Amino acid sequence: MRDLIIVLGDQLDPDAAAFDGFDADLDAAWMTEAAEESTHVWSSKSRTVMFLSAMRHFAQVLRAQGRPLHYTRLDAPGNAGSLAAQLQMDILRLKPARLVMTTPGDWRVLQAIKAVAQANGLPLDIREDRHFFSSIGEFAAHAKGRKSLRMEYFYREQRKRHEVLMDRDEPVGGQWNFDVENREAFGAAGPGAVPGRAVFSPDAVTREVIALVDARFAQHPGSLERFAWPVTRAQALQSLQAFVQERLPLFGRYQDAMWPDEPWLYHSHLSAALNLKLLNPREVVAAAEAAYRSGQAPLASVEGFVRQILGWREYVRGVYWTKMPDYLERNALEAQQDLPAWFWTGATEMICLRDALRQTLEHGYANHIQRLMVTGLYALMLGVQPRQVHAWYLAVYVDAVEWVELPNTLGMSQYADGGVMGSKPYIATGKYIQRMSPYCKGCRYDPAQSSGEVACPFTTLYWDFLMRHEAALARNPRMALQLKNLARLTDAKKQAILERASAIRRGEVGVDAEVHRHA
Ligand SMILES: Cc1cc2nc3c(=O)[nH]c(=O)nc-3n(C[C@H](O)[C@H](O)[C@H](O)COP(=O)(O)OP(=O)(O)OC[C@H]3O[C@@H](n4cnc5c(N)ncnc54)[C@H](O)[C@@H]3O)c2cc1C
Ligand code: SF4
């Protein structure tokens, strides 16, 4: 054998760079279902099914194209259990002259494969991932010499370089950013009839994977009863089309809004399809821009959506690869609290959190604002160890791959990188959640109270966070107003807040013990 082409679970494109020059007479593809990928963090059932089902469907594509494939199923006798161990076994059996792969999405996996190649004295050809607008090298060039890495400047460069939403050298509509138009909450009447998300009933392949995962990872979090994610390219394209036609026009306006029992709203739900490479971001951005150019969707919505993909998605990947591996260890705020156990069950009386956690466990999905301003915000203000927060986010979402999950969690949400990604910690009282949703109306807590029995834990922890980090935050001019408000609190009030915060940390507030016991 000449080349063994390593295909990981998030590299499911037959046109990926790893297949350039593929010769079916000389080369073969290699895929394996490694239990370690579901256990190194406590991966939810839906995340594991997403990857395994999409991999098995992709294997069918390769076989239909006549490409030789060595595929080891999770339940195959003798499955070595990890990517590295399986690769090692198969190298001895297949004796390739070279290993080829597209850059993986995970630093840990890259090191493991490099080590196997080295141990066997085999050349390893690692090729650029074409499923991004910019290369890791281009981001590094952008980052060189900059003290801070703000997304906005990178995004503008990307718009120009790739000629997205541009009129010659100027941004379409005369401005780069329509964020101020994109922050609405739903009125009292709620979101009304939101177009349903694209759903795909599990076919025979997915059903087999569901049974396997339910048996093999029975104790893992989440449920599979309503698994309906796109697992093939054809399904992913259907999802894209449905989004552009039905939800993109209102995407921007309600991007930050939340509503009970409405996880999907006007979001695209395309992150997993993008991250597994069932879709290319270029076609997604092009479809959105075409909707604007043809008058189907307003500019503010289209720009807001394009910014997420051409801006944020590319930017976090750049941060990941320029800052790893020490990025993983960062803990700028020295947070040491354990993640509350009810994050894995949803058993809390805080109903904004309960809804976000239950949707997460039921579907492997929560929208961005739930991840950032509900679950992430709570963990940040509680002071949870960033590594534990990271392990949770990497485990529970169907779209979770480390290059995108880690900077979002550790940097944007937890401020554990000390300001690489954000210029200040994103902190807020329960009043933010009250403004963006109707959750507080039905909650036993009151977002206006910071101490006492009915105080909203978000509000208590907000003030507690400011007190705990006052000295460090005082050096940040963007925190001046918040610290000024803190200075207005009396000593007695501060003491009452500290006592309530301690009770929250001891697990005496917020947990729904009855539900948690049965979960
Ligand atoms: C703590 C935390 C953890 C996150 N973990 C992940 C993760 O593991 N995987 C993941 O894909 N996204 C992650 N995100 C980013 C974002 O929340 C999800 O991409 C988004 O919610 C997916 O839903 P959607 O496809 O409906 O997105 P939409 O709201 O429809 O946005 C469109 C697309 O833009 C991209 N996008 C939007 N925001 C971001 C962002 N901040 N970073 C990168 N891409 C973005 C995604 O590809 C998404 O599909 C995380 C965000 C936070 C705050
Ligand atoms: S009162 Fe606090 S805990 Fe309850 S829903 Fe509002 S923000 Fe969430």
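Figured I'd write up the structure that's included with this text. (Residues numbered from 1 in each chain as written. Chains lettered and ligands numbered in written order. Predicted model: local features only at pLDDT ≥ 70, side-chain atom pairs only at ≥ 80, totals over all residues. Heavy atoms only, no water.)

Here the focus is the packing of helix 13 (residues 368-382) against helix 14 (residues 386-396). Remark: helix 13 packs on helix 14, axes separated minimally by 10 Å, with the N-to-C direction vectors making an angle of 145°. As helix 13 packs across helix 14, the resulting crossing turns out to be right-handed. Between helix 13 and helix 14, the residues in contact are R371, T375, G376 and A379 and V389, W392 and Y393, respectively. Class assignment for the residues of the contact of helix 13 with helix 14 results in four nonpolar, two polar and one charged. (Axes fitted to C-alpha atoms, helices over the stretch in contact; angles between N-to-C directions. Helix = DSSP H or I, 4+ residues; strand = E, 2+ residues; numbered from the N terminus. Left-handed = near helix turned anticlockwise from the far one by under 90°. Contact = heavy atoms within 4.5 Å. Nonpolar A, V, L, I, M, F, W, Y, C, P; charged D, E, K, R; others polar.)

Moving on to the packing of aromatic side chains. Applying the stated criterion across every chain, the model contains 25 aromatic pairs. Ring plane angle 90° and centroid distance 5.0 Å describe the contact between Y320 and W321, whose orientation is recorded as edge-to-face. Pair check on accessibility: Y320 and W321 agree, each one buried. Aromatic ring contacts, followed pair by pair, group W342, F343, Y378, W392, Y393, Y397 and F458 into a single cluster. The ring of F19 carries the charged tip of R67 above its face, separated from the ring centre by 4.6 Å. (Phe/Tyr/Trp six-rings, centres within 6.5 Å; stacked < 30°, edge-to-face > 60°. Buried < 20%, exposed > 50% of the residue type's maximum accessible area, 1.4 Å probe, protein only. Lys NZ or Arg CZ within 6 Å of the ring centre and 35° of its normal.)

As a matter of local geometry, ligand 1 sits amid 29 residues, with H267, S268, H269, N275 and Y365 nearest to it. The separation between an oxygen atom of ligand 1 and a polar main-chain atom of H269 is 2.8 Å. At 2.7 Å from an oxygen atom of ligand 1 is found a side-chain nitrogen or oxygen belonging to Y365. Notes on ligand 1: free accessible area 820 Å², of which the protein chains cover 99%. If you list the elements that add at least two residues to the shell around ligand 1, you get helix 9 (271-275), helix 11 (299-323), helix 13 and helix 15 (402-413). (Near = heavy atom within 4 Å. Polar contact = N/O pair within 3.5 Å; in protein donor to acceptor, adjacent residues only side chain to side chain. Areas by Shrake-Rupley, 256 points an atom, 1.4 Å probe, with all protein chains shown as cover.)

Let us look at the side chain of T429. Considering the arrangement of structural elements, one finds T429 in the loop between helix 15 and helix 16 (430-436). T429 has contacts with F458, T459, Y462 and W463, leaving out every residue within four places of it along the chain.

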